[in-house]
Amino acid sequence: KIIPIEPSSPSAAAMSRFVRRLAGIPWRQIAGEASSVGLLMAQGLCAVHVVSEHVLGVAFPRGPSMLPALNMAGDVLLTDKVSPRRGWVGPGDVVLLLSPEDPRKIVAKRVLGMEGDEVTYPVDAGNSDATKTVVVPQGHIWVQGDNIYSSNDSRQFGPVPYGLVKGKMSYRIWPPSRIGSIDSKE
Amino acid sequence: APSSASPSPTATSPSPPSTAAPCAPPWTAPQQVSPPPPRPHAPTTQPTTGPDRIPRRFLTAGVTPADGREYAVVKRSPLYDYSRGEVVVFVSPADHRSRTIKRLIGLPGDWISVPDKEEIRQIPEGHCWVEGDNGSASWDSRSYGPVPLGLVQGRVTHVVWPPSKMGRVDKRVPPEGRVMPQRNL
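Given the structure is predicted, the values throughout are model-derived calculations rather than measurements.

**Brief notes about the environment of Pro175 of chain B**
Topologically, Pro175 of chain B is positioned in the loop between strand 9 (167-168) and strand 10 (179-180). Residue classification places Pro175 of chain B among the partly exposed positions, given a relative accessible area of 37%.

Next up, the structure:
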């Protein structure tokens, strides 16, 4: 119990009022609430991260290589992370994959062929009509951008191992004028 | 146990060609051959370097593997900053459902001499060269070429089971004269 002491001066009086106010604040309760809210937030962030990494995430692809299916910028796509692991990816799907030229880069391309498929592709689009045909090796896929005039894809870096595929993009949620599923072209 | 990758499933069933051309070319068999059947593990005089089977990241308490499998701790590296001589785990380039453990011999830009083919190759950007320690029984980059770093899931740091193999998995200097690094790390 605080025994009030006669203050000896105005500043000492202000000081003791301040100390009394501090002592009156329920510190323990505040700390308890802060830590439980903090814990809840951390759990929420973990859950969001796990879901977006391994179940359903969102992607913001940029660049001209998938025109006209995807805009150069501003698109928001739902990315299914379950399908690649289960092998539910086939020709015509638009996928996210780690670039074989730089594992820290993620690229969006369309799958043109799975292992065993024969793929015929233009070797020098825009400059010549020459094409080449390859058979996709075991465990690999052939990916190509829809915009063959401006795409760095399997025509340059060859067929890629299926293990690099990290997500399948099948639905666009932005911009509103183009909301809907991404066509799966053969 | 052989240090080669677990054998792939039997040859894939034929699938129709993906091109929509009116006269589509006839389907042909995939060119990449399946790995050779595993040969018996050749005894070596060096101490065992580490596990050659599929690792587990977390050892489940109370589980005693009765099938001779080994378990190891694998540390991921989101920046892909692996060094030459580390043992790494990566998704098999021939079958995305299985994982392989090999030693990382070369980094992007390095020049590798491939003895069987008597050639010298440069490892392309974003790729690495992997070889098994037990060279005669290992199916690795000498057969399927450089592996994209995006397939590498982590480095093996310790073996935790069986007790006879417990311990740290150390980096090893790549074989003499096989690797010419492009950059000195």
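Still to come is the rest of the account.
**Focus: the pattern of salt bridges**
This model, assessed by the stated rule, comprises 15 salt bridges over all chains. Asp146 of chain A serves as the salt-bridge partner of Arg110 of chain A, at 2.8 Å between the closest nitrogen and oxygen. Here Asp146 of chain A lies in the loop between strand 7 (140-144) and helix 4 (154-157) and Arg110 of chain A lies in strand 4 (residues 102-113), a separation of 36 residues in the sequence. Owing to a relative accessible area of 3%, Arg110 of chain A belongs among the buried residues under this scheme. In this structure, Arg84 of chain B engages Asp110 of chain B in a salt bridge whose closest nitrogen and oxygen atoms are separated by 2.7 Å. With Arg84 of chain B in the loop between strand 1 (71-75) and strand 2 (87-91) and Asp110 of chain B in the loop between strand 3 (99-106) and strand 4 (111-114), the pair connects residues that are 26 residues apart, well separated along the chain. Residue Asp110 of chain B is classed as buried on the basis of its relative accessible area of 0%. Through salt bridges with shared partners, one network takes in Asp81, Glu86 and Arg155 of chain B.

**Regarding the UniProt feature "domain: Peptidase S26" (unreviewed entry) in chain A**
Residue and element names in this part refer to chain A. The positions UniProt marks with the feature "domain: Peptidase S26" (unreviewed entry) are residues 41-122 and 131-174. From the first C-alpha to the last, residues 41-122 spans 51 Å; its make-up is 23% helix and 39% strand. Between the first and last C-alpha atoms of residues 131-174 the distance is 36 Å; the span itself is 9% helix and 50% strand.

**A short note on a nonpolar patch on the surface**
Residue and element names in this part refer to chain A. On the surface, Met15, Phe18, Val19, Leu22, Ile25, Trp27 and Ile30 cluster together to form a nonpolar patch covering roughly 680 Å² of accessible area. For the nonpolar patch, the elements supplying multiple residues, two or more each, are helix 1 (10-24) and helix 2 (27-54). Top contributing element to the nonpolar patch by residue count: helix 1, with four residues. Along the chain, Ile25 falls in the loop between helix 1 and helix 2.

**Section: the sheet that holds strand 10 of chain B**
Read from one edge to the other, the open sheet built from three strands follows the order 5-4-10 (chain B), with strand pairing classed as antiparallel. Taken across any chain shown, the strands that pair with only one partner, and hence form the sheet edges, are strand 5 (119-122) and strand 10 of chain B.

**Remarks on the UniProt feature "active site" (unreviewed entry) in chain A**
Residue and element names in this part refer to chain A. Under the UniProt annotation, "active site" (unreviewed entry) lies at Ser65 and Lys109. A maximum C-alpha distance of 7.8 Å among these annotated residues, which run over 45 residues, shows that they cluster at one spot. In this structure, Ser65 sits in the loop between strand 1 (56-59) and strand 2 (76-80). Filtering out sequence-adjacent residues up to four positions away, Ser65 remains in contact with Ala108, Lys109, Gly145, Asp146, Asn147, Ser150 and Ser151. Engagement of the side chain of Ser65 in a polar contact is seen with the side chain of Lys109, the distance being 2.8 Å. Locating Lys109 in the fold gives a position in strand 4. Once residues within four sequence positions are removed from consideration, Lys109 is found in contact with Ser65, Met66, Asp93, Val94, Val95, Leu97, Val143, Gln144, Gly145, Ser151, Asn152 and Asp153.

Cut-off values and rules
Think of each chain on its own: its residues are numbered from 1, step by step along the sequence as written. Here the convention is simple: chains get letters from A, ligands get numbers from 1, in the order in which they are written. Residues qualify for local features only when their pLDDT is at least 70, as the model is predicted, and side-chain atom pairs are given and counted only at 80 or more; totals for whole chains, interfaces and linings, by contrast, use all residues. Side-chain metrics rest on all non-hydrogen atoms present in the structure, leaving aside hydrogens and water. Numbering of helices and strands runs from the N terminus, with a helix taken as a DSSP run of H or I at least four residues long and a strand as a DSSP run of E at least two residues long. Here the term buried applies to any residue with accessible area under 20% of the maximum for its type, exposed to any over 50%, and partly exposed to those in between, with areas from a 1.4 Å probe on protein chains only. The salt bridge definition used is simple: a Lys or Arg side-chain nitrogen within 4 Å of an Asp or Glu carboxyl oxygen. UniProt positions are given in the numbering used here, feature names are shortened, and annotations may be inferred rather than shown by experiment. Residues qualify for a patch when their relative accessible area is over 30% and they have no salt bridge, like charges being joined within 9 Å and the nonpolar side chains of Val, Leu, Ile, Met, Phe, Trp and Tyr within 5 Å. Residue burial considers only the protein chains on display, and all accessible areas are found by Shrake-Rupley using a 1.4 Å probe. Strand pairing is assigned whenever DSSP identifies at least 2 bridges connecting the two strands. Contacts are assigned to residue pairs with any non-hydrogen atoms lying within 4.5 Å of each other. Throughout this description, a polar contact denotes any pair of N or O atoms lying within 3.5 Å of each other; where both atoms belong to protein, one of them has to be capable of donating a hydrogen while the other can accept it, and for residues adjacent in sequence the pair is counted only when both atoms sit in side chains.

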